[in-house]
Amino acid sequence: MNLFFQQLVNGVALGGVYALIAIGFTLIFGVLRLLNMAHGEIYMLGAYLAYLFLTILDLPPFVAVPLALIAIFAISLLVERFAFRPLRNAPHFVPLVSTIAVSTILLEVVRLAFGPYMFGFDSFISTTFVRVGTISIGSSQLMMLLLSVVLTVALQIFLMCSQWGKAIRAVSEDVTVSGLLGINVNRVVGVTFAIGSTLGAVAGILVAMHFGAIYPNMGFVALVKAFTAAILGGMGSVPGAVIGGLMLGIVESLGAAYLPSGFSDAVPYVALFAVLLLRPSGLFKRAGGSDDPSHQGNPHTTGGLLDRILPQRGAQSLAAGVDIAKLIAVAGVVAALAIAPFLGDYALRILITIVVYAMMALGTNVILGLAGQLSLSHAAFFAIGAYSSALLTTHYGLDAWSAMAVGAMLAAAAGALISLVTFRVRGYYLALVTLAFAELVRIIIGHWNSFTGGMMGVRAIPAPRIGPWVIDSPLSFFYLSAVIGVIGLAVYDAIAYSVKGRALIALRDDEVAASASGLGVQRLKIVAFTLSAVFPAIGGSLMAHYYSAITPDLAAMNETVTVLVIAVIGGLGSAAGALFGSVIVNLLPELFRNLGDYRVLAYGVILFVTVLYQPGGVFSISRRLAWRA
Amino acid sequence: MLKIEGLVTYYGRVRALAGVSLQVARDEIVTLIGSNGAGKSTTLMTISGVLKPTEGSIAFEGRPIAGLAPHEVARLGVVQVPEGRHILRGLTVAENLDLGGFVRSAEKRRTSLARVYELLPRLAERRDQLGGTLSGGEQQMLAIGRALMAQPRLLILDEPSLGLAPRIIEQIFELIRNLNKAGTTILLVEQNAAMALEIADRGYVLETGYIVAEGSAAMLRQNDSVRRAYLGL
Amino acid sequence: MADLLTVRHVHKSFAGLKAVQDISLDVHAGAVTAVIGPNGAGKTTLFNCITGVTKPDLAEITLTGRGGARSELGALDVERIARLGIARTFQQVRLFDSLSVIDNVVLGGFYRHAFGWWAAVGDRLIGGGRRHRALRAAAMNALERVALTRQAFELAGNLDHGNRRRAEIARALAADPLVLLLDEPAAGMNRVETDQLMALLRDLRCDGMGIVLIEHDMKLVMQVSDRIYVMDHGELLTSGAPDSVAVDPRVIEAYLGKAAASLC
């Protein structure tokens, strides 16, 4: 019982901080209708800046902390101005990809400036404990609780009573009317974004103090928690975010006490799924409230989902012409096959990686490029494919081909399962649900030591055989993956240009019109999710056999981001684009070898620039839209 | 007061306005009539800066305003009550009104608020209710009251009669007439062409992005093609 | 004239606002049934209730299908209703903007073909696209009816207003529907286009299709309709042949206001 109350107290303190992160997240969602994937990095950056000013520059806390917060305020104003404002009227996944780019850039900048390791963060208040009966409360916990209460109340007063607060509420309800009333919408959005970010940074500093450590990746966990808490309380509602944060903190603390170690990390994800499936509008939102995640505010901005993604006018003139991209792709594949025997092992490894990632990007193309569903579970399907191959061949003696088939089927089943979520949530919500699913898969794989080998992964995965031949040399493996890759590209292309692929596009363009035309919308979605899982699973299976050892990192968030980058750079929806994107993303780091550690940063910047200036992808000009004859 | 010349606006990829020219003089009520999809709302949204014209000019009191942001246009005194009213449903009546005078000093807001409550006593009764709980007629009153809080020099009304009972429509039109008498210039878009021509000084008829007829309200009422197409006679 | 669609006692409220109250109407094969009334009268909501886009609070809507089978539509979802032979257009045109016009039309009639994933992908991958060509040829017929074959390979999103309306009608026609619901098809069309639309509606009526028309263009309504229903504030004001509705003073007052009544 004592443990229970102690954990309850810990949970409330932790929950207060979660509430702060969630409030910032939910505020930003309110005015921008955008899930800010960079919110976690802002939180992390807040802690790092505080560390910079406190420890490195040795400033007194009452100077250092405000300085860090002012810096965060300024940085977020810039981020909003340059990364999000230009994309305000773009289809929703474009700004979302932009937030992913910003998140990558911030993360890499911190990693480069401070190193990837954990730093001790010295609390600037004395660590003492208050004892109440047998329960002890640390000074940092007290401070967390106090600050989160004060800031929440202050924010609520600001929103309800001040002229600015009213303007913020007006903008989150109706952008058009706010402008007509004389409110400078851009300024309100910018300031709200900065306020939300600063609240996140405060939380980052508090958490750093409490746990006495900071590390670059601390942001992602915070992001998932912010999202979970915000969803629990009903997206867009500040009091809801507070209650959601507290609940999450309590559940998690109790989980840590009573669940096997490691699995308590899964609690927020499980909570997230449960809420989204049972009460997608949050636990407290009144029925009939406006919980439409789409931006109902501005009916006068230009409509089509793909206005920016598909370069319409260019595409039209080429509709009946030659598909240049496809020709280049075929020529490239032939060239690669021809020169492969003369390449060294290292170059072959890059080529194989290109094939693997192209397969993954095909999955993204099906679900996002055709069906318009922003699903971010690809790393999970990738890992399911890889682990099925690994475990079935090592533990159960299956041959590589059967293992690959089983892996593809398991991934397909998982994809179909996720598609059921889409009947409850869509758009922004779907993005994070699917991301959380990937994270859940990673946690399970990483902690199920007896079955998956835990963090150590699986080793000694045998090479595939064709009849008497063992495909274990880099060259033969390249030819094998090239064959599979070409089949994958051809199948994807057939899907995209078949009437079923067109039906998926129809679904993306206008779901109501699609169902009023008699198209089975739900079945189409299930098949799209199922198909989108098969491609990455086969890629993962190839990967496992090639490296002969795998770890749970396959399911990590950055794999999904990489695939998204590939699909977007190459041009969403196009088979050749998936290949080009994969070539660019895998070759660029080689070209930038002298950039050394700056490579991932370069990725982030490239993604950012692509989304902002060439959202149709590098090769989008060669896209065809009509059926070929 | 307002002078529009050769306005071309694309709505998405569709050309919604194909060269619209019109003028509103001080103290007039000018009405813009036409069927659904003719481009009436697009014209208003272009004036207010929500949509950007690709060609043409808009001048308000001699000052070009095409391309300004909506809040900049509003601050010059061109205030629009959009179609469908667009009440901020989660804010109270008083907060809605208060936001109408967003750019003005607290003191001026107070005087305007007193005036609006006097003009529309219903709103005073309901000042603490959420905007979303009002009836359609009350919401229209609130939308107009909110626009009045900005002390508009040109008040733009987009289909104020939409979905309202005849009795309420009469009240709204009465209100518009009184506002005009008190010195507010009005640009009125209406589907209810007969009523609009009844209170307007002049009118323009818009059809698929073009102005096809214009003149005094009395003249338009007698115009055969207008009678057939918009008055159903 | 056979009874095709009988709509009885449709009720629908949105947050206390009674959008449609106790509306009943009959749609006959080979006839044009018009629904008129001022903006906000509930006409589009009625369409949405019939096609399942909005669930009515209360309604008995019965379709007599091919071969006399009767189906109650109230409990069905949008796609099922569409598959029974009810096609529609929307007040704000809803095309699949990133597809070509012909692909839009193909998808409009696609549900009638038993054409699964394996067949579709297989036809593209190894079948040389034969079955796809057949689909497209069928779609061309629908485009011919609305005189849009020249724009078949343009992106739907690039069409001008009048052509968008026509493409949407072609998509609905591709389903070979029993009942066609048109929501303000002439809105945004010029006079020439409206006249072509009128000719098309007469053709379709001769083919035996049941057409329901929401329209503000009185000239069009008066010339093509067999029966007119007048709605106001969610209620049915009156119904009858065009001649009788046109002179009904209640209609003129509700539809156009007192002012117009005095103008007569």
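As the structure is a computational prediction, the values presented were derived from the model and not from experiment.

About the criteria used
- Residues numbered from 1 in each chain as written.
- Chains lettered and ligands numbered in written order.
- Predicted model: local features only at pLDDT ≥ 70, side-chain atom pairs only at ≥ 80, totals over all residues.
- Heavy atoms only, no water.
- Domains from an automatic or database assignment.
- Contact = heavy atoms within 4.5 Å.
- Buried area = accessible area lost by both parts, 1.4 Å probe.
- Helix = DSSP H or I, 4+ residues; strand = E, 2+ residues; numbered from the N terminus.
- Buried < 20%, exposed > 50% of the residue type's maximum accessible area, 1.4 Å probe, protein only.
- Salt bridge = Lys/Arg side-chain N within 4 Å of Asp/Glu carboxyl O.
- Pairing = 2+ DSSP bridges.
- Axes fitted to C-alpha atoms, helices over the stretch in contact; angles between N-to-C directions.
- 1 Å grid on protein atoms, 1.4 Å probe; cavity = no way out; pocket = protein on both sides within 12 Å on 5 of 7 lines; lining within 4 Å.
- Points joined across faces, edges and corners; volume = space filled by probe spheres on them.
- Nonpolar A, V, L, I, M, F, W, Y, C, P; charged D, E, K, R; others polar.
- Phe/Tyr/Trp six-rings, centres within 6.5 Å; stacked < 30°, edge-to-face > 60°.
- pLDDT = per-residue confidence, 0-100.
- Polar contact = N/O pair within 3.5 Å; in protein donor to acceptor, adjacent residues only side chain to side chain.
- Patch = residues over 30% accessible without salt bridge, like charges linked within 9 Å, V, L, I, M, F, W, Y side chains within 5 Å.
- Areas by Shrake-Rupley, 256 points an atom, 1.4 Å probe, with all protein chains shown as cover.

Right, let's talk about the domain arrangement of chain A for a bit. Residues and elements named next belong to chain A. Partitioning chain A into domains gives domain 1 (19–278) and domain 2 (312–622). Summarising the inter-unit geometry, the C-alpha centres of domain 1 and domain 2 are found 32 Å apart. Every contact between the two is made by 40 residues of domain 1 and, on the other side, 35 residues of domain 2. Here domain 1 packs against domain 2, burying approximately 3,500 Å² in sum over the two surfaces, 87% of which is carbon and sulfur.

Positioned with a positive phi, Asp58(A) is a non-glycine residue whose angle comes to about 60°. Considering the arrangement of structural elements, one finds Asp58(A) in the loop between α2 (39–56) and α3 (61–84). For Asp58(A), a relative accessible area of 62% puts it in the exposed group. The backbone of Thr208(B) shows a phi angle near 40°, a positive value even though the residue is not glycine.

Here the focus is the pattern of salt bridges. Close approach of charged atoms allows side chains of opposite charge to pair. All names here are of chain B. In this structure the tally under the stated criterion is 29 salt bridges over all chains. Note that Arg126 is salt-bridged to Glu138, the shortest N-O span being 3.3 Å. In this pair, Arg126 sits in the loop between α5 (121–125) and α6 (136–148) while Glu138 sits in helix α6, placing the two residues 12 residues apart along the sequence. Among the residues examined, Arg126 registers a relative accessible area of 23% and is labelled partly exposed. Judged by its relative accessible area of 8%, Glu138 falls in the buried class.

The next point concerns the sheet that holds strand β5 (residues 63–64) of chain B. Residue and element names in this part refer to chain B. Strand order in the open sheet formed by four strands is β2-β1-β4-β5, and the pairing between neighbours is antiparallel. On the outer flanks of this sheet lie β2 (14–24) and β5, each paired with one strand and no other. Judged from the eight bridges that link them, strand β1 (residues 2–11) and β2 form a sheet pairing that is antiparallel. Looking at β2, one finds that Ile4 is bridged to Leu22. The strands that helix α1 (residues 40–47) touches are β1, β2 and β4 (55–60); relative to β1, the one it contacts most, it runs at about 110°.

It is a probe the size of a water molecule, rolled over the atoms, that shows where empty space is left. Summed over all chains, the structure comprises seven cavities of 30 Å³ or more. Here the second largest cavity defines a volume of roughly 90 Å³. Along its surface, the second largest cavity is lined by 14 residues, and Ala516(A), Ser517(A), Ala87(C), Arg88(C) and Ala172(C) are the ones closest to its centre. For the lining of the second largest cavity, the secondary structure elements donating two or more residues are α21 (511–516) of chain A together with β6 (86–88) and α6 (161–174) of chain C. It is β6(C) that contributes the most residues to the lining of the second largest cavity, three residues altogether. Residues of the lining of the second largest cavity, tallied by class, amount to nine nonpolar, three polar and two charged.

What follows deals with the domain arrangement of chain C. For an interface, size is often stated in terms of accessible area lost upon the parts coming together. All names here are of chain C. Per the domain assignment, the segments of chain C are domain 1 (1–85 + 177–264) and domain 2 (100–176). Look at where the C-alpha atoms of domain 1 and domain 2 centre, and you get two points 27 Å apart. Between domain 1 and domain 2, the buried area comes to about 1,300 Å², and carbon and sulfur atoms account for 60% of it. A per-residue breakdown of the area domain 1 buries against domain 2 is headed by Arg83, Pro177 and Leu200, which together make up 32% of the total. Viewed at the interface, domain 2 and domain 1 are joined by two salt bridges.

Turning to the packing of aromatic side chains, a few remarks are in order. Residues and elements named next belong to chain A. What the rule picks out here adds up to 16 aromatic pairs over all chains. Look at Phe84 and Phe193: their rings are 5.4 Å apart centre to centre, the planes differ by 70°, and that puts the pair in the edge-to-face class. Highlighted residues: Phe84 in helix α3 and Phe193 in helix α8 (residues 185–211), separated in sequence by 109 residues. With a relative accessible area of 2%, Phe84 lands in the buried category.

So, on to the pairing of strand β10 (residues 210–216) of chain B. All names here are of chain B. Note: strand β9 (residues 202–207) against β10, six bridges, orientation antiparallel. By the bridge assignment, Tyr204 is partnered in β10 with Glu214. What sits between β9 and β10 in their antiparallel hairpin is a turn of two residues, with Thr208 showing a positive phi close to 40°.

Looking now at the environment of Pro56(C). All names here are of chain C. Considering the arrangement of structural elements, one finds Pro56 in the loop between α1 (43–51) and β4 (58–64). Residues Pro56 and Val221, 165 residues apart in the sequence, show an inter-C-alpha distance of 26 Å. In this structure, Pro56 is in contact with Val10, His11, Lys12 and Cys49, ignoring residues within four places of it in sequence.

Residue and element names in this part refer to chain C. Of the strand pairs in this sheet, strand β1 (residues 3–14) and strand β2 (residues 17–28) are connected by eight bridges, and their pairing is antiparallel. Each residue of the ladder has a partner; that of Asp3, found in β2, is His28. Taking the residues between adjacent antiparallel strands as the criterion, β1 and β2 are bridged by two residues, where Ala15 takes a positive phi near 45°. Of the pairings in the sheet, the one linking β1 to β4 comprises five bridges and is antiparallel in character. From the neighbouring strand, Val7 faces β4, where its bridge partner is Ile61.

The subject of this paragraph is the confidence of the model for chain C. Confidence in the prediction for chain C averages 88 pLDDT; 95% of positions are at 70 or higher. Considering only residues more than four positions removed or in separate chains, one finds that residues 259–264 of chain C, a stretch of pLDDT under 50, has 11 contacts.

Across the boundary between the two partners, chain A contributes 40 residues, which contact 35 residues of chain C. Between chain A and chain C the total buried area reaches about 3,400 Å² when both faces are included, carbon and sulfur atoms providing 66% of it. Our count for the contact surface shared by chain A and chain C stands at two salt bridges. Connecting chain A to chain C are 10 residue pairs in polar contact (both at pLDDT 80 or more). Those elements that place two or more of their residues in the side of chain A that touches chain C are α12 (312–318), α19 (474–497), α20 (499–509), α21 and α22 (521–547) of chain A. For the side of chain A that touches chain C, the element with the most residues is α20(A), which contributes nine residues. For the side of chain A that touches chain C, the class distribution of residues is 26 nonpolar, eight polar and six charged.

Further remarks concern the sheet that holds β10(B). Backbone hydrogen bonds hold the strands of a sheet together, and the pairing may be parallel or antiparallel. All names here are of chain B. Judged by pairing direction, the sheet is mixed, and its six strands sit side by side in the order β6-β7-β8-β3-β9-β10 without closing on themselves. Strands at the two margins of the open sheet, each flanked by one partner only, are β6 (78–81) and β10. Ignoring strand direction, the axes of neighbouring strands in this sheet form an average angle of 15°. Relative to strand β7 (residues 154–158), β6 runs parallel, the two being bridged by four bridges. Looking at β7, one finds that Val78 is bridged to Leu154. The strands touched by α1 within the sheet are β3 (29–33), β6, β7, β8 (185–190) and β9, with β7 carrying the most contacts at an inclination of about 145°.

Moving on, we come to a nonpolar patch on the surface. Residue and element names in this part refer to chain A. Taken together, Leu145, Val149, Val153 and Ile157 make up a surface patch of nonpolar side chains, about 320 Å² in accessible area. Relative to the helices and strands, Val153 resides in helix α5 (residues 139–161). Val153 sits in the partly exposed class, given a relative accessible area of 46%.

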